[in-house]
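Descriptive structure summary
This is what each chain is made of:
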Amino acid sequence: MPHLKPPHRLPDTTPDPGRADQPPAPTGTPDPEATGPATAARGKHDGAAGETEAAATGPDEARGRAGSGTGTPETDEAPEPPTPEPADPAAADPAVADPAADLAVTAPTVTDGADRTEPDAPATADTATATGTGTGTEPAPESAVAPAPESESAPAPAPDDPEPEPAVDDSESSVDDPEPSADPAPAPAPVGDPRPGRFGRWRPGARAARYVTVGTTVLAAALVLFALLVPNRLDRLDVQSFLRIPAEGVLVAGLLLALPPRARRVTALVTGVLLGLLTVVKLVDMGFYSVLARPFDLVLDWSLLGGATEWVRESFGRTGEIAAVIGVVVLLVAVLVLTALAVVRLSDLMVGHRPTAARTTLVLGTAWITCVTLGVQFGGVPVASKLDADLVGNRVEQVRAGLADGRVFDRQAAVDAFADTPPDQLLTGLRGKDVLFTFIESYGRTAIDDPAMASDVGAVLKKGTADLEAAGFGSRSAWLRSPVTGAGSWLAHSTFLSGLWIKNQQRYRSLTTSDRATLTSYFRKTGAWRTVGIVPGVRRAWPEGKFFGLDHIYDSEHLGYQGPYFSWTPVPDQFSLEAFERLEHGRKDRDPIMAEIILASSHNPWAPVAHMIDWDDLGDGSVFEQIKKEGKDPKEVWKNPESVRTEYKNAIEYSLHSLTEWVQRYGDDDTVLVFLGDHQPVPTVTAGSTSRDVPITVVAHDPKVLDKIADWGWADGLKPADDGPQWGMDTFRDRFMTAFGPGGTG
C-alpha cells in the first residue's frame with residue numbers, strides 16, 4: 001500500500017540502558033526506500049525519545065508503535081498528538097487499509113553472507129508476542145530472527161509495565177491499526193525470489209534427478225525385455241521378435257509379487273543373474289550359428305574358443321585379438337551385472353505399485369493363454385513366447401546327450417571291417433600308384449550351385465576337365481555330406497580318414513587317442529607306400545599327426561616358404577604344391593607316395609587372395625609380397641556380405657587352378673588324385689543354405705582306376721551332377737578300401 005513519506009531523518013542509534021536486549025548500533029546508513037515506516041517504528045526508542053522521534057518521523061511510525069505494543073514509557077507526560085497526515089483515499093476502506101498487506105509490501109529484505117535473500121521474519125515474531133503466543137518475558141532466541149540489526153524486533157514488554165495511550169483519532173485507529181490476528185499469514189516472498197521458504201519452489205537438480213530415475217527404470221525394463229525375447233540367431237533378429245509376450249517374464253513377475261521382502265530381493269537377484277547367463281549363451285549361439293550353423297555345445301565346444309582367438313590373431317593381428325578378448329570379457333561382466341540390477345529395480349517398482357503390477361500381470365497372463373490357444377501370430381512370429389524355456393530345455397538335453405556321447409562313440413569305434421585284413425590284402429588295386437588325398441578348404445556345394453558363383457566356378461571346372469583330358473586324365477565326381485559346416489576342418493578330415501562320424505572335439509580326442517586305423521594308416525600298414533603330410537595350416541606341434549599314420553609331416557615351417565601370410569593362410573596353395581613336388585614327388589628312385597595335402601588359401605577370411613604366377617617364378621615365395629600388397633584388406637571386405645562372397649569365389653578358383661595345373665605339370669601315369677572340400681563356408685557365404693554337401697572328385701591317368709569305381713554312379717568330369725550320389729563322409733573309407741581291395745568292386 002503506498003504511503004506519503006515525510007522527509008527522512010536518520011534514526012537515533014544511542015544505546016538504551018534500560019533495554020538489556022538492545023542490538024548493537026548498525027554501522028551503515030539504512031536506505032529509506034528499503035526500511036519503510038514499519039521498520040522505522042520497530043527501530044525507535046520508546047518514552048521521551050519516542051516522543052521526540054514521533055514528531056520528526058511522522059504519524060505512521062507513531063501509530064506503528066502504538067499498535068505494536070512495544071513502547072515502554074519513561075515519563076508520565078502524555079505523548080504529543082500526531083501531526084495530521086494528508087487524506088488517504090484508502091483510509092476509509094478497511095479492505096484497502098489492511099495492515100498485513102501493508103506489512104507485506106513494505107517489509108524489508110536483508111542479505112546474509114551467502115548472498116541469499118530472505119523475507120523479513122521478525123514481524124511475525126512481534127505479532128506472536130503481542131497476542132500472548134510468545135515466550136513470556138524472555139526475549140526471543142537470537143537464531144529466530146534475521147541476523148541484520150535493522151530487521152530485529154524489540155522484545156515484548158514486561159507484564160507489569162503500563163501500556164501508553166497515544167492520543168490519536170479513534171476512527172483513524174480503528175481503520176488503520178486493527179488488532180493483530182491470532183494466526184497471521186506469513187509474509188510472501190519478495191518479487192523475483194525463485195526459492196521461497198526453506199527449500200524453495202524448485203530444488204536444484206530435483207527435476208534432473210527425476211529424469212534420471214525414470215530413464216533408468218525405462219532402460220531396466222528394456223534390458224529385461226531384450227534378454228527375455230532376443231533370439232539366439234542373427235537371421236531371426238527382427239522387430240517381430242520383440243513384439244511378443246514372454247511367459248517367463250509373466251511367471252517371474254507373479255512370483256516376485258507373492259514373496260515376502262527378503263525372499264523377493266534374493267529371488268530377483270538370482271533371477272537377474274540367471275537371465276544374464278542365458279543372454280550370454282544366446283550371444284555365443286549367434287556367433288556359432290554365424291560360423292558353424294549350429295548352437296554352442298555347453299559340454300564339447302569350449303576348446304573351440306582357443307581356435308577362435310587364434311583365427312582373430314592371424315586375420316586381424318595381435319592388437320585385434322587383444323581387443324576382441326577384452327571386449328568379450330567386458331560384455332560378459334556387463335550383461336551379468338546389468339541384468340541382475342535391472343530385475344531388482346523392476347521388482348522394487350512392482351512392489352511400490354502393487355495393485356497396478358498385479359492387475360498388469362494378470363492381464364498379460366490371460367493374453368498369453370489366449371494367444372497360445374488361438375495361435376495368434378505377428379509377422380509369422382507367435383505372439384505368445386516361451387523362447388527361454390525352450391532354450392533351457394534344449395540345453396539340458398544337449399548336456400545329457402554330450403555326456404552320453406562318449407559311450408556311444410566307443411561302441412562305434414570298436415567296429416572296423418578291415419581290422420583283421422592281412423596287409424598284403426589291403427589296397428591291392430592301387431599298388432605302385434601315387435595316391436594323393438587333397439582337401440580344399442571351405443570348398444562346398446555353394447561354390448557350384450549358388451547362382452552368383454556357379455557360372456565362374458563352373459567355367460573353372462569345365463576348363464580343368466578339358467585340360468586334364470588333354471593331358472590323358474579322366475575324372476569322376478559326386479557329393480559327400482560333411483559333419484561340420486563353416487569351420488572345424490580337422491573334424492571333417494578325421495571323419496573322411498577314419499570312417500567314423502567325428503562331429504565334435506570330444507570325439508576327435510577319443511579318436512586320436514585310440515587304436516582306430518585310418519585310411520592313411522592302412523596305406524602305411526601295407527608297407528608299399530611312403531606316407532607324408534603337407535599341412536601348411538599347422539604352425540605348432542601336432543602330435544595327432546602320428547595317429548594318422550604319416551611317416552613325415554611338412555608343416556608351414558618346413559616347406560621352405562619365405563613369403564608373407566595371407567591373413568590366416570600361412571602358405572599359398574601354388575607354393576604348397578610346388579614344395580610337395582620339390583620335397584617328395586619329384587625325387588628320383590623313391591617309393592610310391594601316399595600324401596595327405598591340405599590347401600588353405602580358401603580359408604576364411606578370403607582376403608587378400610593370391611593369384612597364379614608362373615611356376616618357375618615361385619622361388620622361395622618372396623614374390624608373394626607384392627601380390628599381398630595388391631590384395632584386399634579383410635576388414636574392408638567383411639563390411640559387405642557380397643564382397644565376402646566374391647572373395648570366397650576368387651579363393652576357390654585360385655585353389656582349383658593351382659591343383660589342376662599341378663596335375664597337368666607334374667602328373668604321370670601313376671598319379672591318382674582324390675580331392676574334396678572339407679565343409680561348406682560360413683553362413684555369410686552360403687546365404688541361408690542348410691546343405692552340408694561338399695564336392696569330391698577322383699582323377700586318374702590309368703583308366704583301370706576309374707573302372708574300379710564305375711558302379712558308384714559318379715558323374716564324369718570335375719563337376720558333380722546336381723542329382724549325383726550323396727554319401728556321408730564317414731562312409732568313404734570303407735567304400736574306397738572295398739573298391740580297391742582284392743574284390744575290386746565298388
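Conventions we followed
All residue numbers refer to positions counted from 1 along the written sequence of the respective chain. Residues qualify for local features only when their pLDDT is at least 70, as the model is predicted, and side-chain atom pairs are given and counted only at 80 or more; totals for whole chains, interfaces and linings, by contrast, use all residues. Computation of side-chain values: all heavy atoms of the structure, hydrogens and water removed. The helix count covers DSSP runs of H or I at least four residues long, the strand count covers runs of E at least two residues long, and both are numbered beginning at the N terminus. Three labels apply to residues, based on accessible area from a 1.4 Å probe with only protein chains included: buried if under 20% of the type maximum, exposed if over 50%, partly exposed otherwise in between. Two residues form a contact once any of their heavy atoms are found within 4.5 Å. The accessible surface values rely on the Shrake-Rupley method and a 1.4 Å probe; as for residues, cover is taken only from the protein chains in view. For this document, the term salt bridge refers to a Lys or Arg side-chain nitrogen within 4 Å of an Asp or Glu carboxyl oxygen. We define a polar contact as two N or O atoms separated by no more than 3.5 Å, with the added condition that, inside protein, one atom must be a possible hydrogen donor and the other a possible acceptor, whereas residues neighbouring each other in sequence contribute only through side-chain atom pairs. Pairing of aromatic side chains here covers Phe, Tyr and the six-membered ring of Trp, requires ring centres within 6.5 Å, and sorts the geometry by plane angle: under 30 degrees stacked, over 60 edge-to-face, intermediate tilted. By definition, being over a ring means that NZ of Lys or CZ of Arg is both within 6 Å of the ring centre and within 35 degrees of the ring normal. Expected span of a helix, by definition, is 1.5 Å for each gap between consecutive residues, and there is one gap fewer than residues. Here, nonpolar core means buried Ala, Val, Leu, Ile, Met, Phe, Trp, Tyr and Cys residues that are tied together by side-chain atoms lying within 4.5 Å of each other.

Attention now goes to the overall build of the chain. Within the chain, the regular secondary structure consists of 24 helices and 15 strands. For the chain, the proportion of its 746 residues judged to be buried stands at 42%. Long-range pairs, those at least 24 residues apart, make up 75% of the contacts in the chain between residues at least 6 apart in sequence. For the chain, the accessible surface area stands at approximately 37600 Å², while carbon and sulfur atoms represent 59% of it.

Let us now look at the pattern of salt bridges. Counting across every chain of the model gives 29 salt bridges. For Asp616, the salt bridge identified is with Arg665, shortest N-O distance 2.8 Å. Remark: Arg665 occurs in helix H21 (residues 641-666) and Asp616 occurs in the loop between strand S11 (593-599) and helix H19 (624-630); sequence separation between them is 49 residues. Here Arg665 falls in the partly exposed class, since its relative accessible area comes to 37%. One network of salt bridges, with partners in common, ties together Arg313, Arg318 and Glu321.

Attention now goes to the environment of Thr495. Tracing the backbone shows Thr495 in helix H15 (residues 489-498). Taking the C-alpha atoms as reference, Thr495 lies 10.0 Å from Val484; in sequence the two are 11 residues apart. Beyond its immediate sequence surroundings of up to four residues, Thr495 is in contact with Pro483, Leu500, Trp501, Ile502, Met729 and Asp730. Among the polar contacts listed, one links the side chain of Thr495 to the backbone oxygen of Leu500, at a separation of 3.5 Å. Among the polar contacts made by the side chain of Thr495, one reaches the main-chain amide nitrogen of Ile502 at a distance of 3.0 Å.

Before going further, it helps to examine the packing of aromatic side chains. In total, this model carries 26 aromatic pairs according to the counting rule given. Between Phe296 and Trp302, the aromatic rings sit 5.0 Å apart at their centres with planes inclined by 85°, giving edge-to-face as the arrangement. Judged by centre distance (4.8 Å) and plane angle (50°), the ring pair of Phe736 and Phe740 falls under tilted. As far as the burial class goes, Phe736 and Phe740 line up, both buried. The rings of Phe437, Phe439, Phe496, Phe523, Trp529, Trp712, Trp714, Trp727, Phe732, Phe736 and Phe740 are connected pair by pair, giving a single aromatic cluster. Between Arg233 and the ring centre of Tyr289, over which it is positioned, the NZ or CZ distance is 4.5 Å. One residue, Arg445, lies across the ring of Trp479, its end atom 3.9 Å from the ring centre.

Here we come to helix H7 (residues 206-229). Spanning 24 residues, H7 covers 35 Å between terminal C-alpha atoms, matching the ideal 34 Å at 1.5 Å per step. All of the buried residues along H7 are Thr217, Ala220, Val224, Ala227, Leu228 and Leu229. Against the buried residues of H7 lie strand S3 (245-246), helix H8 (247-258), helix H9 (261-292), helix H10 (304-352), strand S6 (384-385) and helix H12 (387-413).

This part is about the nonpolar core. Counting residues in each nonpolar core, the largest one holds 53 residues, and the members touching the most others are Ile440, Tyr443, Phe580, Phe624, Leu656, Trp662 and Phe675. With sequence-adjacent residues up to four places away left out, Tyr443 is seen in contact with Ile448, Leu461, Tyr648, Ile652, Leu656, Phe675, Leu676, Gly677, Asp678, His679, Val694 and Pro695.

A few words now on the environment of Val460. Relative to the helices and strands, Val460 is located in helix H14 (residues 451-470). Classification of Val460 by relative accessible area gives buried; the value is 11%. Between the C-alpha atoms of Val460 and Thr660, which are 200 residues apart in sequence, the distance is 9.7 Å. Discounting residues that sit within four places of it in the chain, Val460 has contacts with Glu653, Leu656 and His657.

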